[in-house]
Amino acid sequence: QYIQVMSTVPPRCSTEAFYGVDVILYVPKGTYEAYQQAEGWSSFSNIIDGEPIPDFTVNGLTYHQLSNTTVSLIDGTSANGDVSIPETVRYNDVYYTVTEIGDTAFYQCANLVSVIIPKSVTNVASKAFFECTGLKHVEIADGDTPLSFKDNYQFWTSPLDSAYIGRDLDFQ
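Let me sum up the structure you'll find in this document.

Rules used in this analysis
Residues numbered from 1 in each chain as written. Predicted model: local features only at pLDDT ≥ 70, side-chain atom pairs only at ≥ 80, totals over all residues. Heavy atoms only, no water. Helix = DSSP H or I, 4+ residues; strand = E, 2+ residues; numbered from the N terminus. Lys, Arg positive; Asp, Glu negative; His and termini not counted. Charge placed at Lys NZ, Arg CZ, Asp CG, Glu CD. Buried < 20%, exposed > 50% of the residue type's maximum accessible area, 1.4 Å probe, protein only. 1 Å grid on protein atoms, 1.4 Å probe; cavity = no way out; pocket = protein on both sides within 12 Å on 5 of 7 lines; lining within 4 Å. Points joined across faces, edges and corners; volume = space filled by probe spheres on them. Nonpolar A, V, L, I, M, F, W, Y, C, P; charged D, E, K, R; others polar. Pairing = 2+ DSSP bridges. Axes fitted to C-alpha atoms, helices over the stretch in contact; angles between N-to-C directions. Core = buried A, V, L, I, M, F, W, Y, C linked by side-chain atoms within 4.5 Å. Contact = heavy atoms within 4.5 Å.

Here we look at the overall build of the chain
(1) Moving on: Each helix and strand in the chain was counted, giving one helix and 15 strands.
(2) Moving on: With the principal axes as the frame, the chain shows a C-alpha extent of 55 × 35 × 25 Å.
(3) Moving on: Averaging the positions of the 8 positive and the 21 negative side-chain charges in the chain gives two centres separated by 2 Å.

See the structure below:
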């Protein structure tokens, strides 16, 4: 979900026009600061300087752009064996930091045996590892930022034998 504006000069807009709208705002390359300061546009919490990019796959894991520098891992259901989620991924010569594991990203991935979640990931959305019947081990890398879980169903019916938890966990 996003709004894309093509004008290099922010169109006039009232501050209430997009009140309560929580989507990504894509603006023409080089106009980020102008939109960030413009009335009616400055209320967007996530403004991306440039064109929307399609979801992309690297090493069997699919990502969705969250900002100019961050992505969410949204699909790992074809994963086999041991998976180490990378801290960064490269797409079209741009490096993105992986900060989130999206809703149902590994849902019913029966062939997933273990997963390492890097310190760059700060949010795990609902049912990320739900019904991963082969999942035996989870490692949450050391880090200073707590790892937030959207709910309590991330590992529901996943038969974990062991887990390493290297930082605080926050259940919302």
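Observations concerning unusual backbone geometry
(1) Moving on: In the Ramachandran plot, N92 falls in the positive-phi region, its phi being about 50° despite a non-glycine side chain.
(2) Moving on: Of note, N92 is situated in the loop between β8 (88-91) and β9 (94-101).
(3) Moving on: By relative accessible area, N92 is classed as exposed at 60%.
(4) Moving on: At Q108, a position not held by glycine, the phi torsion is positive, near 55°.
(5) Moving on: Along the chain, Q108 falls in the loop between β9 and β10 (112-117).

A short note on the layout of surface pockets
(1) Moving on: As a volume, the largest pocket reaches approximately 330 Å³.
(2) Moving on: Along its surface, the largest pocket is lined by Q1, D22, V23, I24, S45, N46, H64, L66, S72, I74 and E100.
(3) Moving on: Lining the second largest pocket are K29, I48, D49, G50, E51, I53, Q65, N68, Y91, N92, V94 and Y96.
(4) Moving on: Of all the secondary structure elements, the ones that give two or more residues to the lining of the second largest pocket are β3 (47-49) and β9.
(5) Moving on: Grouping the constituent residues of the lining of the second largest pocket by class yields five nonpolar, four polar and three charged.

Observations concerning the pairing of β9
(1) Moving on: The sheet contact formed by strand β6 (residues 70-75) and β9 spans four bridges and is parallel. Looking across to β9, one finds that L73 is bridged to I101.
(2) Moving on: Strand direction decides the pairing type here: β8 and β9, joined by four bridges, are antiparallel. If you follow R90 over to β9, its bridge partner there is Y95.
(3) Moving on: Count of turn residues in the β8/β9 antiparallel hairpin: two residues, of which N92 carries a positive phi of about 50°.
(4) Moving on: Pairing analysis gives two bridges linking β9 to strand β11 (residues 123-124), with the strands arranged parallel. Residue E100 lies in a different strand from β11, and its bridge partner there is N123.

Some remarks on the sheet that holds strand β1 (residues 2-4)
(1) Moving on: Pairing is parallel across the open sheet formed by three strands, whose spatial order is β1-β2-β3. Of all strands in the sheet, those with a lone pairing partner are β1 and β3, marking the two edges. With direction set aside, neighbouring strand axes in the sheet form an average angle of 25°.
(2) Moving on: Pairing of strand β2 (residues 24-27) with β3 involves three bridges; the strand directions are parallel. Within the sheet, the bridge partner assigned to Y26 lies in β3 and is I48.

Points about the environment of V94
(1) Moving on: With respect to the element layout, V94 can be found in strand β9.
(2) Moving on: What makes V94 partly exposed here is its relative accessible area of 32%.
(3) Moving on: V94 sits 48 residues away from N46 along the chain, and the two C-alpha atoms are 18 Å apart.

Overview of the nonpolar core
(1) Moving on: Ranked by internal contacts, the top residues of the largest apolar core, which has 28 residues, are Y63, I85, I101, F106, L112, I117 and F129.
(2) Moving on: Contributing elements (two or more residues each) for this core: β5 (61-65), β6, β9, β10, β12 (137-140) and β13 (147-149).
(3) Moving on: Filtering out sequence-adjacent residues up to four positions away, I101 remains in contact with S72, L73, I85, F106, I117, V121, N123, V124, A125, A128 and F129.
(4) Moving on: Residues L25, Y35, A38 and F44 belong to the second largest nonpolar core, which totals 10 residues.

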